[in-house]
Amino acid sequence: MARSTPEIPNASMADIAFLLLTFFLMTTTVASDKGLLVQLPPPPEALPPDTDVEIPERNLFKVQVNSFDKLLVEGEPWTASTRELTDKCKAFILNNGQDKASSDNPQKAIVSFKTDRGTSHKVFVDVLDALTAAYYEIYAQRAEVSVDRWREISSEPNADEVSKQLYDKGRGVLPNGAVEIPKNISIAEPTKIGG
Amino acid sequence: MSKFKKKTNAKQEIPTSSMPDVVFMLLFFFMVTTKMRETNINVEQHMPQAVQLQTLAKKSLISYLYIGTPKKIDQFGKEPKIQANDVFIEPKGVIQWVNSEKAKLDEVDRDAITISLKVDTEAKRGLIADVETELRRANARKLLYSANKKIDR
């Protein structure tokens with residue numbers, strides 16, 4: 001008695017699955033929400049009009065970039081690498097009044113970063129990266145963690161108790177709530193000079 | 001002739017019956033992890049590279065602004081433009097856009113909104129600074145300059 005077998009041929013199932021797999025492989029984009037985190041100042045209108053505080057020259061680490069993407073660090077043209085810029089910036093922050101031409105203490109030290117309207121975003125990110133690195137390397141060293149770990153902590157400082165402690169240790173929170181080494185990177189309004 | 005007869009009669013084929021299962025497993029993985037992009041990006045996007053990158057855990061708080069040269073140069077010109085959702089906006093329109101983005105969030109999260117600026121490397125600071133000023137006015141002051149991990153160094 002010949003009986004017809006009620007089976008669905010499944011030899012092509014693998015092919016169908018592969019087709020679907022290929023589709024999802026190609027449409028998948030790995031989410032890359034990575035970037036340099038920056039906190040902007042309050043709007044220009046909200047600032048009181050007479051807040052022009054005179055900051056002594058020695059407490060300012062000036063980095064300027066013109067529209068040809070050329071750097072000027074502390075008034076001198078900069079040709080060295082961004083790594084050296086990070087080191088110079090670190091030396092400035094941690095000077096603590098030793099060098100009379102450099103910062104009094106990390107609290108007063110301000111890193112001022114000024115660009116031109118014609119500066120490209122690439123150079124802006126490069127320099128901002130180098131200046132951020134200076135602070136993060138100092139913090140990481142104080143908290144005795146790697147810089148990678150520090151970045152994780154500072155992204156979510158309130159995630160858990162351990163990271164909160166390390167975060168406070170790295171920045172040196174004083175009893176009155178102030179921070180020993182605040183991240184004073186000031187991104188100034190770009191100039192309109194052009195060249 | 002029996003001298004040269006193969007002594008082993010072990011099977012030489014790889015069993016393929018479980019291949020569909022393996023493929024399905026991969027398929028489900030990609031189906032679950034994939035996220036369809038809801039907006040078409042109409043500007044050039046070559047991300048700058050940096051080292052000190054940070055990520056945010058709460059992805060729902062991030063809104064994206066794309067800045068770069070339009071892909072259709074003959075239609076929109078060569079000047080870098082700002083794209084929000086699916087349309088080009090002027091720096092003046094940023095406040096309105098931020099408010100509509102904030103309206104999508106829960107009330108408690110509104111001030112924690114983070115703007116991810118996806119800026120092409122060739123875009124100029126002038127335009128970005130205009131956007132920043134408007135973001136300050138719109139009280140969305142947490143910013144993420146999107147960048148890729150630097151490979152060399």
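Residues numbered from 1 in each chain as written. Chains lettered and ligands numbered in written order. Predicted model: local features only at pLDDT ≥ 70, side-chain atom pairs only at ≥ 80, totals over all residues.

J.: I keep staring at the overall build of chain B and nothing clicks. Help me out?
T.: Each helix and strand in chain B was counted, giving four helices and seven strands. Mapped in sequence order, the helices and strands of chain B form the string α-β-β-α-β-β-α-β-α-β-β. Its C-alpha atoms give chain B a radius of gyration of 25 Å, clearly above 15 Å, the size a compact globule of 153 residues would have. The principal-axis extent of the C-alpha atoms belonging to chain B is close to 90 × 40 × 35 Å. The buried share of chain B, reckoned over its 153 residues, is 28%. Once local pairs closer than 6 in sequence are excluded, the contacts in chain B between residues at least 24 apart make up 76%. (Helix = DSSP H or I, 4+ residues; strand = E, 2+ residues; numbered from the N terminus. Rg over C-alpha atoms; globule rule 2.2 N^0.38 Å. Buried ≥ 20, exposed ≤ 12 C-beta atoms within 10 Å, placed from the backbone. Contact = placed C-beta atoms within 7 Å.)

J.: Would you mind showing me how to read the overall build of chain A here?
T.: Counting secondary structure elements, chain A contains five helices and six strands. Listed N to C, the secondary structure of chain A is α-β-β-β-β-α-β-α-α-α-β in terms of helices and strands. For a compact globule of 195 residues, the expected C-alpha radius of gyration is about 16 Å, and chain A comes in at 26 Å, more than 25% above that figure. Judged by the C-alpha coordinates and their principal axes, chain A covers about 105 × 45 × 40 Å. Going through the 195 residues of chain A one by one, you find that 28% of them count as buried.

J.: Any chance you could explain the sheet that holds strand β1 (residues 35-39) of chain A here in plain terms?
T.: Whether parallel or antiparallel, the strands of a sheet pair through hydrogen bonds between backbone atoms. Ordered in space as β1(A)-β6(B)-β5(B)-β2(B)-β3(B)-β4(B), the six strands form an open sheet in which the pairing is mixed. Looking at which strands have only one partner, the edges of the open sheet turn out to be β1 of chain A together with β4 (87-89) of chain B. Adjacent strand axes in the sheet meet at a mean angle of 30° when their direction is disregarded. Direction of pairing for strand β3 (residues 81-84) of chain B relative to β4(B): antiparallel, over a ladder of three bridges. Across the sheet, the residue bridging to B:Gln83 is B:Phe88, located in β4(B). Packing against the sheet, helix α3 (residues 121-143) of chain A makes contact with β1 of chain A together with β5 (114-119) and β6 (142-146) of chain B, and its axis sits at approximately 75° to β1(A). (Pairing = 2+ DSSP bridges. Axes fitted to C-alpha atoms, helices over the stretch in contact; angles between N-to-C directions.)

J.: Any chance you could explain the environment of B:Ile41 here in plain terms?
T.: Along the polypeptide, B:Ile41 turns up in the loop between α1 (19-33) and β1 (49-50). For the pair B:Ile41 and B:Val87, spaced 46 residues apart in the sequence, the C-alpha separation amounts to 9.5 Å.

J.: Looking at this structure, I do not really get the sheet that holds strand β4 (residues 76-78) of chain A. What am I missing?
T.: Residues and elements named next belong to chain A. Spatial strand order, β4-β3-β2-β5-β6: five strands in an open sheet with mixed pairing. Each having just a single partner strand, β4 and β6 (185-187) make up the two edges of the open sheet. The sheet shows a mean angle of 25° between the axes of neighbouring strands, direction not considered.

J.: What exactly am I supposed to notice about the confidence of the model for chain B here?
T.: As a note on interpretation, predicted positions should not be read in detail where pLDDT is low. With 92% of its residues at a pLDDT of 70 or more, chain B shows a mean pLDDT of 84. For this predicted complex, the interface confidence comes out at an ipTM of 0.76, alongside a pTM of 0.79. (pLDDT = per-residue confidence, 0-100.)

J.: I keep staring at unusual backbone geometry and nothing clicks. Help me out?
T.: Comment: phi is negative for the bulk of residues other than glycine, and the bulk of peptide bonds are trans. Phi is positive for A:Glu144, which is not a glycine, with a value near 55°. Residue placement: A:Glu144 occurs in the loop between α3 and α4 (147-155). In this structure, B:Asn85 is a non-glycine residue whose phi angle is positive, near 55°. Relative to the helices and strands, B:Asn85 resides in the loop between β3 and β4.

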